[in-house]
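Per-entry structural report
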Amino acid sequence: MGTSEAVLHVLTGAVPQFLSSDMCSSNSDLVFYSKCHIKSVKKKGSRRLPSLKCSSMSGCQIGSYRCKRLGGGLHGNTAIDRLTLLRCKCQQAESASGKLNLNGSMNSEDILEFKTVEQLKSENEVSMSNGKVGTGTNTIFTGGVDSVEDEAWKLLRASMVYYCGSPVGTIAANDPTSSNVLNYDQVFIRDFIPSGIAFLLKGEYDIVRNFILHTLQLQSWEKTMDCHSPGQGLMPASFKVRTVPLDGDDSATEEVLDPDFGEAAIGRVAPVDSGLWWIILLRAYGKCSDDLSVQERVDVQTGIKMILRLCLADGFDMFPTLLVTDGSCMIDRRMGIHGHPLEIQALFYSALLCAREMLIPGDGSADLIRALNNRLVALSFHIREYYWIDMRKLNEIYRYKTEEYSYDAVNKFNIYPDQISPWLVEWMPNKGGYLIGNLQPAHMDFRFFSRKFSHAILDLIETKWADLVAEMPFKICYPALEGQEWQIITGCDPKNTPWSYHNAGSWPTLLWQLTVACMKMNRPEIAAKAVSVAEKRISKDKWPEYYDTKKARFIGKQSRLFQTWSIAGFLVAKLLLADPNAAKILTTEEDSELVNAFSCMISANPRRKRGPKRCKQTYIV
């Protein structure tokens, strides 16, 4: 439910490793075009969103091609008349030998082979009925393999989605026992992350590369005054491959990538985390494949900048954390995490570090990089100083004075000591600590959320193993909201009943994040123990989405079976245990400048004794 790297490095950063600025080719003014072209499709709410379309006709042309103008900054839309794209022959046998360069120029290193739809039908059991083009097989896995890991790989590959003959992602769940598909047949940005990492660690890079580039083209890049439209730079929550009749010719069809920015989601909330996950996966792709050409592309650089500008935009908030609403992240239902939830802050921090490594310095990047560095320092201090809880800090809060008015106030957020819950007083061990779930004026969310960071949290996990791991790793939060508190905060949500789903349910996909944290802190025995617990049940239980009850003894009452990120999370954990060094694609090295700035801010804190030297640079916290 967040990134293990982010909280592991909530105090530290990565040394910037800026890439070469020589990335423009003769076709750099075009945005990732191929035989699949972008076409604006009329949507509800009087707005236009880009959808990728692939024509089944042999001669696809566009009269007006809407695209981003590239070259350092963000610009308006440009219409390119009579742009002739590479021919699309998705339903013709000769397309099996067709070659495509995703950068717009023919180069053997970047050529992808496109198979025919007929081949995909036979080789991948692709369903082309009921708008489910590209989804994997719906047959139940019946065994006959050597291990649980082998079964997981078969299921993961069966969930792959194809667009124009190439894999572009994995569906959220491939549950043949459920007739109510909802949106589980779509490719979710956050859900694909463990799948993408599994493929990267296996050396299968094409699907991740395709996913990165295609989702980039679904990014919202039009500025609009329509309050129902996504902000510029927003990544969709998910997308689906659809087959629709070709405009003007009902006898032909075309494949369409149809994005969902939250219009169809429960609660209609926009996804804050999608763009942050996209940046993290982009860096992991470069680290694992040694192919930096993707992150050096002009359109990719522009996509990174758009996400950062959306996140770093000035607003009414006074804190360096990212302000979001309830339901705009993995916890996509009302759970009282609105404001500054830890999940988003962890992702935000990790994405800033990853973006800083990948951004190419230039006229259009200098101000952005400066703002990024300033935010990293302030965010590091803020999370460590105000979100951290252990016995020492708990006792400090217990003795807080309230209604303090001054710049040197100790109780800056006016937290009332009576907010400390009785369960926490008894539950908090003498050794270890964790980062609280949320912090706002007069409110500290003391729930433990699944964020892995430093040895202290791993100590806490070991000490409270029976509560946080029990019979299936890993609790999404602890404890559950119960009784009147559950009624008020969740609105009597029937899916988030106590010890179920987001309300302290157990999610197997969190195994991969726990494992990354353990690898980083050189404590693999904790991850190995957790994987061993999961391995005893998860295959027999048909790879559920989540588990219920305090000890995770039951499969979730509304849990999907053959959930893809449960499968992928298990695989990533196994791969990392086999090769701990592979975790480096998801971690960053310590940044001495960031550490020094953070130490300076700690020493300047009125709660602590000031040192003889003061930091020359000023940071707003």
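Residues numbered from 1 in each chain as written. Predicted model: local features only at pLDDT ≥ 70, side-chain atom pairs only at ≥ 80, totals over all residues. Heavy atoms only, no water.

So the rule is basically this: UniProt positions are given in the numbering used here, feature names are shortened, and annotations may be inferred rather than shown by experiment.
By the naming in an unreviewed UniProt entry, the chain goes by Alkaline/neutral invertase and is assigned to Gossypium tomentosum. UniProt, in its Catalytic activity (unreviewed entry) section for the chain, records the words "Hydrolysis of terminal non-reducing beta-D-fructofuranoside residues in beta-D-fructofuranosides." Quoted verbatim from the Function (unreviewed entry) field of UniProt, the annotation for the chain is "Invertase that cleaves sucrose into glucose and fructose."

**Focus: the overall build of the chain**
Stated formally: Only runs of H or I of at least four residues qualify as helices and only runs of E of at least two qualify as strands under DSSP, and these elements are numbered from the N terminus. The cut-offs for exposure are 20% and 50% of the maximum accessible area for each residue type, with area from a 1.4 Å probe on protein chains only; residues under the lower value are buried, those over the upper are exposed, and the others partly exposed. Note on contacts: a residue pair is in contact if any heavy atoms of the two residues lie within 4.5 Å.
Within the chain, the secondary structure is distributed over 19 helices and 17 strands. Out of the 621 residues in the chain, the part that is buried amounts to 59%. Here the contacts in the chain between residues at least 6 apart in sequence split such that 70% fall between residues at least 24 apart.

**Quick notes on the nonpolar core**
Selection rule: Residues belong to a common nonpolar core when they are buried Ala, Val, Leu, Ile, Met, Phe, Trp, Tyr or Cys residues joined through side-chain atoms within 4.5 Å.
Judged by nonpolar contacts, the single largest core of 148 residues is most densely connected at W278, I304 and Y434. In this view, Y434 contacts Y387, W388, I389, W423, L424, W427, M428, F446, R447, F448, I457 and L460; residues no more than four positions away in its chain are not counted.

**Looking at the side chain of T215**
When you line up the elements, T215 lands in helix α5 (residues 206-218). Overall, the relative accessible area of 0% leaves T215 in the buried class.

**Some points on the packing of aromatic side chains**
Counted only if it meets this: Only the six-membered ring of Trp is used, alongside the rings of Phe and Tyr, when aromatic pairs are assigned; centres must lie within 6.5 Å, and planes under 30 degrees apart are stacked while those over 60 apart are edge-to-face, with the rest tilted. Comment: the charge-over-ring label is applied if NZ (Lys) or CZ (Arg) is within 6 Å of the ring centre and within 35 degrees of the ring normal.
Considering all chains together, one arrives at 19 aromatic pairs under this definition. Taking 6.1 Å as the distance between ring centres and 80° as the angle between the ring planes, the aromatic pair formed by W423 and Y478 counts as edge-to-face. Within this pair, whereas W423 is found in helix α12 (residues 422-427), its partner Y478 is found in strand β15 (residues 477-478), the two being separated by 55 residues in sequence. With 6.2 Å between their ring centres and 80° between their planes, W427 and Y434 make a pair best called edge-to-face. By relative accessible area, Y434 is classed as buried at 0%. Through successive ring pairs, a cluster of aromatic residues spans W423, W427, Y434, F448, Y478 and W499. Over the ring of W465 we find K529; its NZ or CZ atom is 4.4 Å from the centre of that ring.

**Points about the sheet that holds strand β14 (residues 443-449)**
In plain terms, the rule: For two strands to pair, DSSP has to find at least two bridges joining them. Helix axes use the C-alpha atoms of the stretch in contact, all axes being lines fitted to C-alpha atoms, and the angles between their N-to-C directions lie in the range 0 to 180 degrees.
A sheet is described by the order of its strands in space; here four strands give the open sequence β12-β13-β14-β15, paired in antiparallel fashion. The two strands at the open ends of the sheet, each matched to only one other strand, are β12 (388-389) and β15. Here strand β13 (residues 434-440) pairs with β14 via four bridges, running antiparallel. Looking at the pairing, N438 lines up with D445 of β14. Packed on one face of the sheet, helix α13 (residues 454-463) meets β12, β13 and β14 and runs near 105° to β13.

**A look at unusual backbone geometry**
Each neighbour pair has its own omega, and for P473 with F474 the value is 10°, a cis peptide bond. On the secondary structure map, F474 appears in the loop between α14 (465-468) and β15. Even without glycine at this site, D290 takes up a positive phi of about 60°. Summarising the element assignment, D290 is placed in the loop between α6 (273-289) and α7 (293-296). Residue classification places D290 among the exposed positions, given a relative accessible area of 66%. The phi angle at T549 is positive, at roughly 80°, despite the residue not being glycine. With respect to the secondary-structure elements, T549 resides in the loop between β16 (547-548) and β17 (554-555). By relative accessible area, T549 is classed as partly exposed at 24%.

**Brief notes about the environment of S450**
You can see S450 is positioned in the loop between β14 and α13. Note: C-alpha distance between S450 and G437 (13 residues apart in sequence) is 8.9 Å. Contact partners of S450, with chain neighbours within four places excluded, come to F474, K475, I476, C477 and L510.

**Observations concerning the pattern of salt bridges**
The condition that has to hold: Salt bridges, as used here, are contacts in which a Lys or Arg side-chain nitrogen is within 4 Å of a carboxyl oxygen on Asp or Glu.
According to the stated counting rule, one finds 18 salt bridges in the structure shown. With its nearest N and O atoms 2.8 Å apart, the salt bridge here joins E462 to R523. Placement of E462 in helix α13 and of R523 in the loop between α16 (511-520) and α17 (524-535) is noted, with a sequence separation of 61 residues between them. Salt bridges sharing common partners tie together E471, R537, D541 and R553.

**Things to note about the pairing of strand β10 (residues 238-246)**
Where strand β9 (residues 187-188) and β10 come together, two bridges link them in antiparallel fashion. For F188, the partnering residue across the bridge sits in β10 and is S238. Where β10 lies against strand β11 (residues 249-260), nine bridges are found, and the strand directions are antiparallel. Paired with R242 across the bridge in β11 is V256. Taken together, β10 and the strand that follows it, β11, pair antiparallel across an intervening segment of two residues, in which G248 is found at a positive phi of about 85°.

**Focus on the pairing of β13**
Of all seven residues in β13, seven are buried; the element is thus mostly enclosed. Bridging between β12 and β13 involves two bridges; their strand directions are antiparallel. Each bridged residue has a counterpart across the sheet, and for W388 the counterpart in β13 is L435.

**Considering the environment of A172**
Among the structural elements, A172 can be located in the loop between β8 (166-170) and β9. You can call A172 buried: its relative accessible area is 2%. Discounting residues that sit within four places of it in the chain, A172 has contacts with Y184, Q186, F188, D191, Q563, T564 and W565.

**A few points about α5**
This is how the line gets drawn: One fewer than the residue count of a helix, multiplied by 1.5 Å, yields its expected span.
In this model, α5 (13 residues) spans 19 Å end to end at C-alpha, consistent with the 18 Å of a helix rising 1.5 Å per residue. With respect to burial, α5 is a largely interior element, 12 of its 13 residues being buried. Among the residues making up α5, those that are buried are I207, V208, R209, N210, F211, I212, L213, H214, T215, L216, Q217 and L218.

**Structural notes on helix α3 (residues 148-158)**
Because an α-helix packs 3.6 residues into every turn, residues spaced three or four apart end up facing the same way. All of the buried residues in α3 are V148, E151, A152, W153, L155, L156 and A158. Buried residues along α3 sit against β7 (160-163), β8, α4 (189-201), α17 and α18 (564-578).

**Quick word on the packing of α5 against helix α8 (residues 298-312)**
Selection criterion: Throughout this description, any angle smaller than 35 degrees is read as roughly parallel, any larger than 145 degrees as roughly antiparallel, any in the 65 to 115 degree range as roughly perpendicular, and the remainder as oblique. Handedness of each helix crossing follows the sense of rotation of the near helix against the far helix: counterclockwise by less than a right angle gives left-handed, clockwise gives right-handed. Residues are grouped as follows: Ala, Val, Leu, Ile, Met, Phe, Trp, Tyr, Cys and Pro are nonpolar; Asp, Glu, Lys and Arg are charged; every other residue, Gly included, is polar.
One can describe the packing of α5 onto α8 by two numbers: an axis separation of 11 Å at closest approach and a directional angle of 60°. Relative to α8, α5 is oriented oblique. Where α5 crosses over α8, the two elements pack in a sense that is left-handed. When α5 is examined against α8, the residues L213, L216 and Q217 are found in contact with a partner set consisting of D299, V300 and G303. For the contact of α5 with α8, the per-class residue count stands at three nonpolar, two polar and one charged.

**Some words on the environment of S532**
Mapped onto the elements of the fold, S532 is located in helix α17. Residue S532 is classed as partly exposed on the basis of its relative accessible area of 35%. On a C-alpha basis, the gap between S532 and M472 in space is 9.6 Å, while along the polypeptide they are 60 residues apart.

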